[in-house]
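Structural overview
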Amino acid sequence: NDIVCLHLPQFDAAGIAGRGRMLGKPTTLTYHCDLKLPFGPFSGLVNRVVDLANHVAGLSAHRVVAYTKDFASNSPYLIRFADKVEVIPPPVEMAQAPEEEIREFAQRHGLKGHRPVIGLAARLAAEKGVEVVLDALPRVLEVYPEARVLFAGQHEDVLGEEAYARRLAPLFERHRDRWLFLGVLTPQEMATFYPNLDMVLVPSLNSTESFGLVQVEAMLCGTPSIASDLPGVRQPVLQSGMGEVVPIGDSAALADAIIRITANKAEYLRPREEIAARWSIDATAAHYEDLFDRLLWELGERR
């Protein structure tokens, strides 16, 4: 190989990056997010071991890639390697579903006459901030009594999140007529899910979320996003103008944003081509190819 390219968090990254450095191979790592397992003695040990492995990998790497300058400037991990950081936006693709499949999805899930249709695409995990949405619902329902929430993703038997699920169970029961769990959807099903939403929510609570790719997927389908004011997570909205950013964990602000977007959705829409160009696979590949070429030249010159 000419290049060693790692993606963190990754338990064995330290050994691989170290061998890349020893063999004189240009070594890069892309830091996707922090790892913060649920509280507990074993989880705490795993977090410390992975943090150490990530640190050693960062010392060995020639470059460290982040999705956004925003996240890189606020991540305790990335700040350690600020002189090595390169910002390369993530690639996002989303197929366009035929109109008849989009209508069929709406019919299958009984969405006719319900507005707004609010979407989440995530695991049912504590860091995702699902309780913030549940706490915001009563205020939304005062203005829009027919609002519905669609949750796409694993919601049962999520490893390490059993206590979280039990804690939220009474709230799900309270809103059982308005909250629909869809389970894990295929990519084609996601292409019919997003167009049926008035907005997608990313109410994450910490840096285990560094961007929120689902925001861009939704935007490619003409659906705005409401994101937590977290480093990196706020960037799809700020860069595109297609949505709103709300304070972390603030259910009242989230409810107000849902109401505003529902009333003025057209103001938040942008052309699909504009979104696709900003986060395209071709653009991301070109960034990485440029980085690899520069590293090969630099190390070749040093030798």
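Predicted model only: the values in this text are computed from it and were never measured.

A few words on the overall build of the protein. Scanning the protein from terminus to terminus reveals 13 helices and 10 strands. A globule of 303 residues ought to have a C-alpha radius of gyration of about 19 Å, and the protein, at 21 Å, matches this closely. For the protein, the spread of C-alpha atoms along the three principal axes comes to 70 × 45 × 30 Å. Out of the 303 residues belonging to the protein, those deemed buried represent 52%. Pairs at least 24 residues apart make up 73% of the contacts formed inside the protein by residues separated by at least 6 positions. A total of about 14,600 Å² of accessible surface is found on the protein, and carbon and sulfur atoms cover 55% of it. In the protein, which carries 31 positive and 40 negative side-chain charges, the distance between the mean positions of the two groups comes to 4 Å.

Here the focus is the packing of aromatic side chains. For the structure shown, the criterion picks out 13 aromatic pairs. Each residue in the set Tyr-31, Phe-71, Tyr-77 and Phe-81 is aromatic and connected to the rest through ring pairs, giving one cluster. Seen from the ring of Trp-279, Arg-278 lies directly overhead, with NZ or CZ sitting 5.7 Å from the centre.

Spatial ordering of the open sheet is given by E7-E6-E5-E8-E9-E10, a layout of 6 strands whose pairing is parallel. Each of the sheet's edge strands pairs with one partner strand only, and the pair in question is strand E7 (179-183) and strand E10 (243-246). Between one strand axis and the next, the sheet turns by 20° as a mean value, whatever way the strands run. With 2 bridges joining them, strand E5 (residues 117-121) and strand E8 (residues 199-202) adopt parallel strand pairing. Paired with Ile-118 across the strands is Met-199, a residue of E8. Contacts between helix H6 (residues 130-143) and the sheet are confined to E5, strand E6 (148-152), E7 and E8, with E7 contributing the most and set at about 145° to the helix. Its contacts with the sheet place helix H11 (residues 251-263) against E5, E8, strand E9 (225-228) and E10, and it is angled at close to 170° to E10.

Further remarks concern the environment of Leu-180. You can see Leu-180 is positioned in strand E7. Separated by 61 residues in sequence, Leu-180 and Gly-119 have C-alpha atoms that sit 9.8 Å apart. Setting aside residues no more than four positions away along its own chain, Leu-180 makes contact with His-109, Val-149, Leu-150 and Phe-151.

Glancing now at the nonpolar core. Residues Leu-150, Met-190, Phe-193 and Tyr-194 are the most contacted members of the largest nonpolar core, which totals 35 residues. Ranked by residue count, the leading element in this core is helix H9 (residues 213-220), at 5 residues. Ignoring anything within four residues of it in the chain, the contact list for Met-190 reads Met-94, Ala-121, Ala-152, Leu-185 and Pro-195. Formed by 33 residues, the second largest nonpolar core is a distinct cluster that contains Val-132, Val-133, Val-149 and Val-246.

Thresholds applied
Residues numbered from 1 in each chain as written. Predicted model: local features only at pLDDT ≥ 70, side-chain atom pairs only at ≥ 80, totals over all residues. Heavy atoms only, no water. Helix = DSSP H or I, 4+ residues; strand = E, 2+ residues; numbered from the N terminus. Rg over C-alpha atoms; globule rule 2.2 N^0.38 Å. Buried < 20%, exposed > 50% of the residue type's maximum accessible area, 1.4 Å probe, protein only. Contact = heavy atoms within 4.5 Å. Areas by Shrake-Rupley, 256 points an atom, 1.4 Å probe, with all protein chains shown as cover. Lys, Arg positive; Asp, Glu negative; His and termini not counted. Charge placed at Lys NZ, Arg CZ, Asp CG, Glu CD. Phe/Tyr/Trp six-rings, centres within 6.5 Å; stacked < 30°, edge-to-face > 60°. Lys NZ or Arg CZ within 6 Å of the ring centre and 35° of its normal. Pairing = 2+ DSSP bridges. Axes fitted to C-alpha atoms, helices over the stretch in contact; angles between N-to-C directions. Core = buried A, V, L, I, M, F, W, Y, C linked by side-chain atoms within 4.5 Å.

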